[in-house]
Amino acid sequence: MEAAAGGVDDMTKLSYLHEPGVLQNLATRYELNEIYTYTGNILIAVNPFQRLQHLYDSHMMQQYKGAPFGELSPHVFAVADVAYRAMIHEGRSNSILVSGESGAGKTETTKMLMQYLAYLGGRAATEGRTVEQQVLESNPVLEAFGNAKTVRNNNSSRFGKFVEIQFDKHGRISGAAVRTYLLERSRVCQISDPERNYHCFYLLCAAPQEELDKYKLENPRTYHYLNKSNCYDLVGVSDAREYLATRRAMDIVGISTQEQDAIFRVVAAILHIGNIEFAKGKEVDSSVLKDDKSKFHLETAAELLMCDPGAFTDALCKRVMVTPEEVIKRSLDPYSATISRDGFAKTIYSRLFDWLVDKINSSIGQDANSKCLIGVLDIYGFESFKSNSFEQFCINYTNEKLQQHFNQHVFKMEQEEYTKEQIDWSYIEFVDNQDVLDLIEKASVMLIWSCCCRVQSNTSQLVPIWPKLSFT
Ligand SMILES: Nc1ncnc2c1ncn2[C@@H]1O[C@H](COP(=O)(O)OP(=O)(O)OP(=O)(O)O)[C@@H](O)[C@H]1O
Ligand SMILES: [Mg+2]
């Protein structure tokens, strides 16, 4: 049988379910702006790279509400609708897993899923902000602090996220919890052309002048943590507007003006910290601030973080070792002090991010009585750069794990079911990535991994000898 001229809306309708057929079908549909296609109960979304407003308006939401799965054209709303109805009618919690490589459109899809769930479980507009508004507005806040431009995606998630939306017995959203995983810390201090650091740094540098004066900030090109790349602006994005939008989203989520000020103080302090440079001190292997500029940045950072500049300098230029007998303070040479400075910046940034997530959770509130929830998982997609760090290793391993979960459900369990019911079927070939997982998960590999590293004599750091991997 020839494939229909406009392609088929479900891959299972293809007479030959093989890779060329699947790709051909997706391409045919994509040409017609049909970005969604089913494969049984799985939805494949192809990134349109353009706003298809008509696909997501309120009319569309009304249409999909309660419509039997498969009756209407494939759509992300249909998937959310099935999950919601199963929850209401069968009292079952559900999770929706969004996977794909970096830039595929996972985060955008997640936001549409959440928007639709908020539509289904939203309350009638009342005074003040609603839980669903807070849940939706948590997205731009988290994106400002956890997303960045990479070579693959201008708004790439640099953390994993699992959002649990809780519902009461009437099917109304009653609370939510956001869990995040493994923020990419190295980005705070190290970026390469044409990538950017986390959006929040550029947003703050584009803030109104009185804010810049408050944080003693200048042009982003001034800051070492930003000027290692020549990319400062994103096409079609105004950082100044995004700054105000982020502030508004923070208001809705329930982060007070005072707290917002504290958050941006930390962001500004990190930029100043990156500009603190060290020179050799009088004693052997010791360091001092390089010049007046470094002194200015250190004092400003200390002021913003509300700590004593002397103690702060000590914290960067000295290492404290606690032994059972005594506390030993050792001076650091300029190279080691720079590493200590970067370590400090990365740590306070990741703590700030964790604090934000906690704040969002406490502000939205959890419903302890909720019996049902719908979880939505959006992680960072598979990526491979010219130079890959341990973080890419973790990101790609997570993606392999998800792929295995997919394989289990789509191929293995389904085929076991056929065998059990003695249904006549032909075995579907698929690439099982279990070997990849075994390679990483089995203890012997950890040994190989550690053998790939040597200890650098001057800094006592683990340095990989695997050519394409570098620790940061
Ligand atoms: N359904 C969509 N409609 C319009 N544009 C989209 C859609 N999906 C994705 N895009 C575009 O593609 C870009 C990348 O998508 P997104 O950030 O969701 O990718 P991702 O899969 O989350 O990648 P990463 O793993 O890097 O976080 C978006 O910024 C947006 O411009
Ligand atoms: Mg993403």
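Residues numbered from 1 in each chain as written. Chains lettered and ligands numbered in written order. Predicted model: local features only at pLDDT ≥ 70, side-chain atom pairs only at ≥ 80, totals over all residues. Heavy atoms only, no water.

Draft legend 1. Representation of the environment of V76 within the structure. Mapped onto the secondary structure, V76 falls in helix α3 (residues 76–90). Looking at V76, the relative accessible area reads 2%, which means it is buried. Separated by 238 residues in sequence, V76 and D314 have C-alpha atoms that sit 54 Å apart. Discounting residues that sit within four places of it in the chain, V76 has contacts with Y36, L43, Y56, T109, M112 and L113. (Helix = DSSP H or I, 4+ residues; strand = E, 2+ residues; numbered from the N terminus. Buried < 20%, exposed > 50% of the residue type's maximum accessible area, 1.4 Å probe, protein only. Contact = heavy atoms within 4.5 Å.)

Draft legend 2. Spatial organisation of the confidence of the model for the chain. Mean pLDDT over the chain: 90, with 92% of residues reaching 70 or higher. Counted against residues more than four places away or in other chains, residues 465–472, with its pLDDT under 50, gives 30 contacts. (pLDDT = per-residue confidence, 0-100.)

Draft legend 3. Molecular detail of the state of the cysteines. A full pass over the atoms with the stated rule returns 0 disulfides. You can see C317 has no disulfide; the closest cysteine sulfur is in C307, sitting 13 Å from it. (Disulfide = S-S within 2.5 Å.)

Draft legend 4. Spotlight on the packing of aromatic side chains. Taken as a whole and judged by the stated rule, the model has 13 aromatic pairs. Summarising the aromatic geometry, the rings of F159 and F353 are spaced 5.0 Å apart at their centres and angled 65° between planes, so their arrangement reads as edge-to-face. Of this pair, F159 sits in the loop between β5 (156–157) and β6 (160–167) while F353 sits in helix α12 (residues 334–364); the two residues are 194 residues apart in sequence, bridging distant segments of the chain. For the pair F159 and F353, a shared accessibility class is recorded, and that class is buried. Through a chain of ring-to-ring contacts, the aromatic side chains of Y56, Y64, F77, Y116 and Y119 assemble into a single cluster. Above the ring of Y232, the side-chain terminus of R221 is found at 4.1 Å from the ring centroid. (Phe/Tyr/Trp six-rings, centres within 6.5 Å; stacked < 30°, edge-to-face > 60°. Lys NZ or Arg CZ within 6 Å of the ring centre and 35° of its normal.)

Draft legend 5. Seen up close, the pattern of salt bridges. Inspection of the entire model under this criterion finds 26 salt bridges. The partner of E108 in a salt bridge is R51, with the nearest N and O atoms 3.4 Å apart. Of this pair, E108 sits in helix α4 (residues 106–121) while R51 sits in the loop between β2 (42–45) and α2 (58–64), and the two are 57 residues apart along the sequence. In this structure R51 comes out as exposed when scored by relative accessible area, which is 59%. Among the salt bridges present, the one from R196 reaches D239, with a minimum N-O distance of 3.2 Å. (Salt bridge = Lys/Arg side-chain N within 4 Å of Asp/Glu carboxyl O.)

Draft legend 6. Broad picture of the coordination of the magnesium ion (ligand 2). Distances from the magnesium ion (ligand 2) to its protein donors, namely T107 (OG1) and S157 (OG), fall within the range 2.0 to 2.2 Å. Linking T107 in helix α4 with S157 in strand β5, this pair joins segments that are 50 residues apart in sequence. When sorted by exposure, T107 lands in the same class as S157, which is buried. (Donors = N, O, S within 2.8 Å, 3.2 Å for Na, K, Ca; no water.)

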